[in-house]
Structures are given as C-alpha cells and as structure tokens.
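As a plain string of letters, each chain reads:
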Amino acid sequence: MIAILRRKLPLAGRAGLPLWLILLMVSSPGPADDTAPGRTLAQQAVQEYEAWITADHADMEILQQEFTSGPEVTQACLSCHTLAAKQFHKTIHWTWLDPNADPSERIGKAGITLNNFCISIISNWPRCTSCHAGYGWKDASFDFSDETKVDCLVCHEQTSTYKKFPTGAGHPVSKPTVFKGNGKTFNPPDWNLVAQSVARPTRQNCGNCHFRGGGGDAVKHGDLDSSLEHPDMVLDVHMGEDGKNFDCIRCHSTTAHKVAGRAYSTPAAPDRRSLLEDDELPRIMCESCHSATPHVSGSKANDHTDKVACQSCHIPTFARVIPTKMNWDWSTAGRKKEGKGVIEKGPTGKPSYHFKKGDFVWEKSVVPEYYWYNGAMQTLTAEDTIDPTRVVAINMPQGSKAEPNARIYPFKVHRGRQGYDVVNKTLLIPHLVGKKGTAAYWGSWDWNRAFTSGMEQAGLPFSGEFDWVETKYHYPTTHMVAPKENVVGCSECHSPEGRLADLSGFYMPGRDSYRLVDIIGLLMVIGSLLAVIVHGLGRLFSRNGQGG
Amino acid sequence: MANGQMKNTYVFSRYERLWHWLQTLAILALLCTGFQVKGLFNLIGFEKAVKLHNTIGLGWLIAFAFFVFWIFTTGEWKQYIPTSKKMAAVVRYYLRGIFKGEPHPVPRSKDSKHNPLQRLTYLLLALLLLPIQMVSGFLYWSYNNWEAWGLTWLNLSVVSIVHLVCAFAILSFLITHVYMVTTGHKVSAHMRAMVTGWEEIESDTEVEEWEKKRT
Ligand code: HEM
C-alpha cells in the first residue's frame with residue numbers, strides 16, 4: 001500500500017496544487033510585515049514634535065518683581081496674555097460643572113453630584129479646592145468672574161516646587177507649615193523662580209491633581225497615578241520615557257485653554273475620523289491617530305473595533321505599579337483607642353483602616369469590569385431618590401449594544417458604603433473637613449451633625465435619620481495602555497467564565513452555549529456510536545463474523 | 001457471498017479519491033478546531049483554533065466548488081440520483097442479512113458505486129448537510145459584513161445553533177460512515193477501494209439497467 005501511495009503521490013500533488021495554492025492565499029495575511037498599519041499611521045502623526053517658543057519668561061521684567069501671592073503672579077501673566085483668564089473661565093477646569101447641563105440641575109462636582117470617596121465638595125471646599133486651578137475657593141461665595149483668581153502656575157510652572165497647601169483653598173502657604181494629615185512640611189514657593197519657569201503643561205503639571213484625585217496618590221482612577229510621572233513603555237506605551245515620552249496634552253489636544261477630554265453627558269466619540277481625514281481633529285481618541293482598522297489587514301481584531309473599545313484589550317489591568325483604592329466603607333469610621341484615632345496598615349502597605357474615614361481595600365494590577373459605553377455617564381445627585389435595598393450606582397456608563405457609538409469599555413468600579421437619608425431616600429452630603437468645635441465630622445465625630453451641616457450648605461433637606469447604603473462608582477479606564485505583547489488574549493473573553501461573562505444580550509463564540517443544543521448534539525453522537533458498536537458486535541458474534 | 005468469482009475492478013478515479021481524502025482531512029480538522037472554539041476541550045487554544053478553522057473552512061468552500069464542477073462535467077452526479085428500488089432490501093440486509101452472511105442485495109460496480117441507501121445518504125449529505133454547514137459557516141465568518149450585505153435580520157445565535165447542530169450531525173455521519181467501511185466482503189475491501197481505486201467485485205454481478213449511469 002505504501003508503494004502504491006508513493007507512486008500516486010506526485011500525481012496527486014500535481015492535481016492538488018491549485019487547491020493548496022488557494023488555501024495558502026486564503027490563509028496568509030499578506031507580505032511578511034508584522035507592523036500593524038495603525039501603528040505606522042500613529043507614528044507618522046507624531047513625528048518630530050518639538051514645542052518651540054519665541055519668548056523666554058526669565059527675561060521678562062514683570063516676572064522679576066517681588067511677589068507675595070498667587071493672584072499677583074496671575075496679574076503679571078495677564079498683562080501680556082490678556083485673553084487667557086477669560087478663556088479659562090469658560091472651561092470645566094474652572095467651573096467644575098457640566099457645560100451641557102441646565103445650570104439649575106447643578107450637575108458637576110461643584111454642584112450636587114456625588115462620588116463615594118469624600119462624597120461632595122460642598123461644605124468641604126478648602127480641602128477639595130486645593131485641586132482647583134484657582135485661588136481662594138473656600139466657600140460658596142467664591143467669585144468665579146475674578147480673573148486674578150485663576151492659578152496659571154499650577155498648570156504651567158516647570159520647577160516642580162510649586163505646591164498648593166492641602167487645606168488652603170488653592171493657595172500655597174506663605175510660611176513653612178506642617179500638614180497634619182500626613183506630617184509633611186509645605187514651604188512657600190520661590191515666586192520668581194516658578195513664574196519664570198512657565199511652559200506648556202507636562203505630565204507633572206496635570207498629575208499634580210489628576211494623579212491625586214480623591215486626596216491622595218492613586219486613590220481615585222486606577223489608571224492615573226504618580227507612576228505615570230516617569231513611566232516606562234511597559235506601563236504606558238505612549239507616555240513611556242523609553243519611548244515617545246508623551247505629555248498628557250499630546251492626546252488631550254487643547255484649544256483656547258479648553259482641554260479635550262471626557263465630559264459628563266457628551267458622548268466622547270461622535271464620529272470615527274482619523275487625522276488623515278481631518279487634521280484639526282482633537283487627538284483624544286485612539287482612532288484619531290490609529291484609524292478604525294489599526295491591526296494587520298485581515299486580522300480578526302479589526303473586526304472588533306466597531307464594538308470593542310481599544311482600551312478593553314490593550315489595558316489588561318490597571319494600577320499596575322501603585323495599588324488603587326477599590327472599596328471605602330465610611331460606616332466604620334471613628335474608632336479610637338485610649339483617645340487616639342486608630343490607623344491600620346493593610347497587605348498592600350496602604351492603610352486598611354483610618355479612624356477619620358473607615359475601612360479601605362486597595363488592590364494592584366486590577367482586572368477592569370466591562371460595560372457598553374457611548375462616552376456618556378449618567379450621574380446621580382443628592383436630590384435623586386435611591387433604592388437603598390440595592391447597590392446604588394452613583395454614576396452609570398450609558399450605552400447599549402444597539403447603539404452604533406457604544407463600545408464594550410473597561411472600568412474601574414469603586415465600591416463603598418456611605419450615608420443616606422432613611423426618610424427622604426437620598427444620598428447624604430457629609431460636612432467632613434473642619435476643626436474641633438465645628439459640625440464637621442473630623443471635628444465633632446458626630447455623623448448627625450456632619451450630615452445636617454453638609455445638607456444645609458447644599459440647600460437640601462435632611463430628615464435627621466440616616467443609615468448606610470452600598471454604592472458603586474465607575475471610572476472609565478483609558479491610560480496605562482500596555483505593549484502589544486501584553487494585550488488581553490482572545491480566550492480571556494471568549495470563554496464561559498471570562499472577562500465578559502456578565503455582559504448579556506448577544507451571542508459570543510466560545511462564551512455562550514445552549515444546553516438544549518448541546519444535549520441534542522451529544523445524544524446524536526452517542527447514539528451513532530452505540531448503534532455501530534452494537535451492530536459491530538452483532539457481526540462479530542454471528543455468521544458474518546465467522547464467515548468473513 | 002464468496003460463491004461468485006472475484007474480479008479486480010477500478011471503481012474510484014484519481015480525482016475522486018483525492019477529493020475524498022482532502023475533504024476527510026478538512027472535515028476532521030474543522031470538527032476538531034470547531035469544537036475547540038466551542039470549548040468542548042482545550043488542545044490548541046481558542047485563538048489558534050479560530051484562525052485554523054476559518055482558513056480551512058474557506059479553503060474547503062473553494063475546493064468544494066471544484067468538486068461540484070467535476071461532478072457535473074463528468075456526469076457522476078447521476079450516481080447520486082435517489083431511488084426507492086431495493087431500498088427496503090438494503091435496509092433489511094444491514095438490519096438482519098448481514099448477520100446471517102447473506103450477500104449484499106446491491107453489490108458495487110464501476111457503473112453503480114452506491115447502493116440505494118448510500119445514494120440517499122450521500123445526497124442528503126452533499127445537498128443538505130454540507131451546504132448548510134458551509135453557508136452557516138460562511139455567514140458566521142462574515143458576521144461583520146452583515147450590515148453591508150443587508151442581512152441585519154440575521155441573528156448570530158441562530159446561525160451558530162444551525163452551525164453547531166450540523167457539526168454534531170456531521171460527526172455522527174462520520175462515525176457511522178467509518179463503521180460502514182468495514183462491512184465489505186472483507187473488512188478492508190472498501191478501504192482499499194478508496195485508497196487505490198480498485199475493489200474486488202463479483203465478476204458475475206449484473207448491473208441492472210436502472211442502476212447504470214446514463215451516458
Ligand atoms: C465540516 C465542517 C464544519 C464543522 C464540523 C464546523 C464546526 C464548527 C463548530 C463546532 C463551531 C463552534 C460553534 C460555536 O460554538 O458557536 C464552529 C464555529 C465556526 N465556524 Fe465552523 N465548522 C465547519 C465548517 C465551517 C466553514 C466552511 C466555515 C466558513 C468559512 C466555518 C466558519 C466558522 C466560524 C466563523 C465559526 C465561529 C468561530 C470562528 O470565528 O472560528 N465553519 N464551527
């Protein structure tokens with residue numbers, strides 16, 4: 001038989017040649033070039049970037065005068081940059097309000113939307129507004145039209161010595177002062193040095209606030225923390241100092257001080273054009289530089305970009321260097337031992353309990369949770385009625401599979417327990433920051449007084465009866481894009497217990513199955529097997545078996 | 001059945017045999033990779049299975065077009081025309097006669113390769129099961145083009161169910177088919193026919209007129 005086969009083989013080969021050629025053509029993706037076109041495109045888009053300028057601020061006499069406060073510096077800046085403050089006043093960085101919502105709804109963190117970290121700015125202004133790019137927002141009376149109150153330096157100074165005091169309502173200190181919260185000493189800035197250093201914002205500038213949201217490094221976002229000040233490409237392919245070394249504004253394109261980025265209710269991705277089609281486009285979307293079909297032509301990944309956000313596969317985990325806060329239970333706050341507040345350290349080295357704030361859970365290299373997302377978030381306010389029998393979603397990604405703009409998108413979900421009004425069924429704003437003798441929780445250690453004061457300052461009712469409710473808050477994950485070697489593998493989602501196990505309403509190969517179909521199929525196969533076995537045995541033990 | 005004199009006869013042409021084994025390989029590979037995609041077992045992983053499955057699936061579609069061309073240009077399609085004649089006898093043979101050592105009621109010949117039961121089975125296979133599997137597989141593969149092709153009314157889970165049920169049916173056929181190969185006058189006789197093209201056939205077999213392919 002082997003001899004016959006050998007004789008036939010050359011012929012068989014000739015006859016089969018066209019078939020195999022066709023097979024080969026179908027299977028090979030083209031020339032042996034493994035650079036994805038989207039990568040080449042993006043590299044072209046960002047070639048030879050050098051931010052050149054025609055003025056040296058160190059030469060300017062007006063910046064050599066003696067300054068004693070931030071607003072004085074701002075006045076000097078505005079003497080040349082006459083439109084800067086007017087521009088800045090229109091941006092969300094200044095107003096902290098959703099520009100698209102009706103102002104009476106007070107949507108935004110300056111308004112009555114909440115989170116499950118320190119919950120609300122209202123009544124806690126001096127602490128929270130240390131991250132406002134302004135000076136002196138210490139209570140509701142802050143004058144948002146005062147141009148000298150804009151803090152130019154926090155975004156533009158390049159010495160990294162300019163620090164706003166944590167409870168200074170946006171001001172740095174005027175004499176060396178210890179912050180009791182962490183025991184660190186804050187020094188007054190060398191105003192001339194910082195004023196003369198100004199340039200375009202770097203990662204450091206943005207990171208001053210955005211890496212420290214929630215009052216500390218890595219607390220809030222999970223994909224934004226101080227590890228991005230000097231990242232390598234393994235942590236972030238765009239910002240890695242061993243690679244392109246992007247600053248934030250490389251993608252967060254800015255016009256007239258308006259920084260492209262997410263908004264409260266506007267879908268972030270109304271269209272899918274790339275820079276090739278429109279070079280005025282903000283570079284905020286991956287597709288702006290990488291196009292909608294960035295992978296090697298013919299690869300299955302290109303078929304995914306209409307439904308799966310790039311981030312879902314290219315950010316396998318967030319908080320890969322510094323642990324981020326995943327859970328915050330306010331209800332256990334206030335524990336003291338012999339008159340002193342209790343602080344406990346957890347397994348990650350971060351506090352697992354703090355008497356001022358309650359129990360924490362911190363996690364590192366966290367796998368995101370996935371939702372359909374069209375770029376808009378629905379936010380709860382302190383006026384909205386909640387159902388305390390369930391976990392309350394303080395904000396919720398909007399979108400569904402049916403929407404052409406929606407994608408499956410990764411999120412950090414921060415869970416917690418916080419106070420709500422048992423009678424009015426609303427979440428409560430606590431007054432937290434304040435000295436002994438005030439109604440603030442950290443002064444009075446009395447939740448009832450803290451809630452009463454917080455809600456009163458927000459102009460909202462409080463029945464006087466409160467309890468604790470579980471909440472969750474969603475942060476879109478978009479930074480810490482990993483190198484392609486570390487991308488999320490197909491089967492991490494295409495498997496029954498995979499990352500997308502909770503997303504229902506559509507069929508996904510490898511993940512979904514129908515029990516009935518499987519049972520029918522297996523019965524068919526087992527039935528045939530049994531039939532041939534019985535038949536074969538019958539032949540073996542009958543005349544056919546003997547005769548054959 | 002050993003009373004007649006056996007004559008070595010050329011039954012399957014070179015192309016037929018090539019096609020048969022090529023298709024066997026393709027279907028085996030598609031079964032393995034397909035059930036890996038489904039997650040019935042894990043041998044090569046989901047990603048590799050998808051790539052292989054799609055490549056082999058498309059290759060098979062193209063190769064099948066050649067087969068269709070061949071079967072029509074050679075007139076071989078007539079061998080698949082179904083008939084009810086002697087069907088009962090053939091069924092009776094496989095259910096009872098075979099155990100008693102009776103001869104096959106419709107033995108094979110060059111002009112009539114398939115008995116009535118085979119004709120029906122292969123016709124159903126080539127006309128129904130395999131095409132449905134090809135169409136559903138092709139649709140599955142082209143999921144991203146449905147909108148452009150105006151197929152938005154289609155539903156991926158329905159396509160996948162059709163594809164999966166047919167996959168199970170093909171596997172069942174395969175099991176039965178492999179077993180039936182052993183039912184020749186010798187266990188290896190049919191196998192030899194499909195490998196070398198030659199099979200020993202009783203020389204005095206009369207091919208009845210209805211069985212002959214008309215030329
Ligand atoms: C003998 C023929 C074939 C068999 C036995 C077979 C079997 C299977 C099975 C069991 C699955 C898993 C179904 C699920 O879990 O949803 C599958 C998936 C699939 N099949 Fe087939 N198949 C065959 C032919 C084809 C052909 C001709 C094509 C078209 C090119 C094709 C394309 C696909 C596609 C696109 C999937 C979805 C997963 C993927 O992208 O690979 N199949 N097949």
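Higher on the page you've got the structure.
Residues numbered from 1 in each chain as written. Chains lettered and ligands numbered in written order. Predicted model: local features only at pLDDT ≥ 70, side-chain atom pairs only at ≥ 80, totals over all residues. Heavy atoms only, no water.

*Asks:* Just checking my understanding: could you explain the overall build of chain B for this structure?
*Replies:* The secondary structure content of chain B amounts to six helices and two strands. Traced from its N-terminal end to its C-terminal end, chain B shows the element sequence β-α-α-α-α-α-α-β. Across the 215 residues that make up chain B, the buried fraction comes to 46%. Within chain B, contacts between residues separated by at least 24 positions form 70% of all contacts whose residues are at least 6 apart in sequence. When the accessible surface of chain B is split by element, carbon and sulfur atoms take 67% of a total near 11,300 Å². (Helix = DSSP H or I, 4+ residues; strand = E, 2+ residues; numbered from the N terminus. Buried < 20%, exposed > 50% of the residue type's maximum accessible area, 1.4 Å probe, protein only. Contact = heavy atoms within 4.5 Å. Areas by Shrake-Rupley, 256 points an atom, 1.4 Å probe, with all protein chains shown as cover.)

*Asks:* Help me understand the interface of chain A and chain B, please; the structure alone is not making it clear to me.
*Replies:* Reports often express the size of an interface as the amount of accessible area lost when the parts come together. At the interface, 41 residues of chain A touch 40 residues of chain B. Buried surface at the junction of chain A and chain B, both sides included, amounts to about 3,800 Å², of which 72% is carbon and sulfur. At the boundary of chain A with chain B, the tally comes to one salt bridge. We note a salt bridge from K38 of chain B to D518 of chain A, for which the minimum N-O separation is 3.2 Å. Inspection of the region where chain A meets chain B yields ten residue pairs in polar contact (both at pLDDT 80 or more). Listed by contribution, the elements that provide at least two residues to the side of chain A that touches chain B are α1 (2-27), α11 (300-304), α15 (515-540) and α16 (543-547) of chain A. Sort the elements by how many residues they give to the side of chain A that touches chain B and α15 of chain A lands first, with 13 residues. Tallied by class, the residues present in the side of chain A that touches chain B amount to 20 nonpolar, 13 polar and eight charged. (Buried area = accessible area lost by both parts, 1.4 Å probe. Salt bridge = Lys/Arg side-chain N within 4 Å of Asp/Glu carboxyl O. Polar contact = N/O pair within 3.5 Å; in protein donor to acceptor, adjacent residues only side chain to side chain. Nonpolar A, V, L, I, M, F, W, Y, C, P; charged D, E, K, R; others polar.)

*Asks:* For this particular structure, what's the right way to read the pattern of salt bridges?
*Replies:* Residue and element names in this part refer to chain A. For the coordinates displayed, the defined rule picks out 15 salt bridges over all chains. The partner of D303 in a salt bridge is K300, and the shortest N-O contact between them spans 3.1 Å. With D303 and K300 both in helix α11 and three residues apart, the pair spans about one turn of that helix. With a closest N to O distance of 3.7 Å, D387 and R390 form a salt bridge. Judged by its relative accessible area of 37%, D387 falls in the partly exposed class.

*Asks:* What is the right way to look at the packing of helix α1 (residues 14-38) of chain B against helix α2 (residues 46-73) of chain B in this model?
*Replies:* Describing two packed helices takes the angle between their axes plus the distance from one axis to the other. All names here are of chain B. Closest axis-to-axis distance for the α1/α2 pair is 9 Å, and the angle between their directions is 155 degrees. Put simply, α1 runs roughly antiparallel to α2. Handedness of the α1/α2 crossing: left-handed. In terms of residue class, the contact of α1 with α2 is made up of 19 nonpolar, six polar and one charged. (Axes fitted to C-alpha atoms, helices over the stretch in contact; angles between N-to-C directions. Parallel < 35°, antiparallel > 145°, perpendicular 65-115°, else oblique. Left-handed = near helix turned anticlockwise from the far one by under 90°.)

*Asks:* What am I meant to see in the coordination of the iron atom of the ligand here?
*Replies:* Each donor-metal-donor angle in an ideal tetrahedron of four donors is 109.5 degrees, and each such angle in an ideal octahedron of six donors is either 90 or 180 degrees. Residues and elements named next belong to chain B. The protein atoms that coordinate the iron atom of the ligand are H53 (NE2) and H163 (NE2), at distances spanning 2.0 Å. Coordination at the iron atom of the ligand is octahedral: its six donor atoms span angles of 85 to 179 degrees at the metal. One end of the pair, H53, is in helix α2; the other, H163, is in helix α5 (residues 156-181), with 110 residues separating them in the sequence. Of the two residues, H53 and H163, both sit in the buried class. (Donors = N, O, S within 2.8 Å, 3.2 Å for Na, K, Ca; no water. Tetrahedral: all angles 85-135°; square planar, octahedral: opposite > 155°, others 65-115°.)

*Asks:* Would you take a moment to explain the pairing of strand β17 (residues 466-476) of chain A for this structure?
*Replies:* Residue and element names in this part refer to chain A. Most of β17 sits inside the fold, with eight of its eleven residues counted as buried. Sheet topology places strand β13 (residues 392-393) next to β17; two bridges connect them, and they run parallel. Its bridge partner lying in β17, A393 is registered against K472. Looking at chain direction, strand β15 (residues 407-421) and β17 are connected through eleven bridges and run antiparallel. Looking at β17, one finds that K412 is bridged to Y475. (Pairing = 2+ DSSP bridges.)

*Asks:* Teacher, can you tell me more about the site of the ligand here?
*Replies:* Near the ligand there are 24 residues, and of these Y507 of chain A together with H53, N54, Y140 and H163 of chain B occur at the shortest range. Proximal residues around the ligand fall on chains A and B, making this an inter-chain site. With respect to the ligand, the side chain of H53 of chain B contributes an N or O atom lying 2.7 Å from a nitrogen atom. In the model, an oxygen atom of the ligand is placed 2.8 Å from a nitrogen or oxygen of the Y140 of chain B side chain. Mapped by element, the contributors of at least two residues to the shell around the ligand are α1, α2, α4 (116-141) and α5 of chain B. By residue class, the composition of the shell around the ligand is 15 nonpolar, eight polar and one charged. (Near = heavy atom within 4 Å.)

*Asks:* What exactly am I supposed to notice about the packing of aromatic side chains here?
*Replies:* In this description, a pair of aromatic rings is defined by centroid distance and the angle of the planes. All names here are of chain A. What the rule picks out here adds up to 45 aromatic pairs over all chains. With a centroid separation of 4.9 Å and 80 degrees between ring planes, the pair formed by W137 and F144 is classed as edge-to-face. On the accessibility criterion, W137 (3% relative accessible area) is buried. Accessibility expressed as a relative area gives 30% for F144, which makes it partly exposed. With a centroid separation of 5.8 Å and 75 degrees between ring planes, the pair formed by W372 and F506 is classed as edge-to-face. Here F506 lies in the loop between β17 and α15 and W372 lies in strand β11 (residues 369-373), a separation of 134 residues in the sequence. Both residues of the pair, W372 and F506, count as buried. A cation sits over an aromatic face here: K109 above W96, 4.4 Å from the ring centre. (Phe/Tyr/Trp six-rings, centres within 6.5 Å; stacked < 30°, edge-to-face > 60°. Lys NZ or Arg CZ within 6 Å of the ring centre and 35° of its normal.)

*Asks:* Hey, could you run me through empty space enclosed by the protein in this one?
*Replies:* A water-sized probe rolled over the atoms picks out the places where empty space is left. Overall, the coordinates contain two cavities of 30 Å³ or more when judged by the stated rule. One number sums up the size of the second largest cavity: a volume of about 40 Å³. Lining the second largest cavity, in full, are Y507, S513, Y514 and V517 of chain A together with S160, I161 and L164 of chain B. Looking at side-chain class alone, the lining of the second largest cavity contains five nonpolar, two polar and no charged residues. (1 Å grid on protein atoms, 1.4 Å probe; cavity = no way out; pocket = protein on both sides within 12 Å on 5 of 7 lines; lining within 4 Å. Points joined across faces, edges and corners; volume = space filled by probe spheres on them.)

*Asks:* Hey, could you run me through the side chain of H414 of chain A in this one?
*Replies:* Residues and elements named next belong to chain A. Secondary-structure assignment places H414 in strand β15. Classification of H414 by relative accessible area gives buried; the value is 0%. Side-chain polar atoms of H414 contact the side chain of N116, separated by 2.7 Å. In this view, H414 contacts N116, F117, K325, M326, N327, W328, T471, K472 and Y473; residues no more than four positions away in its chain are not counted.

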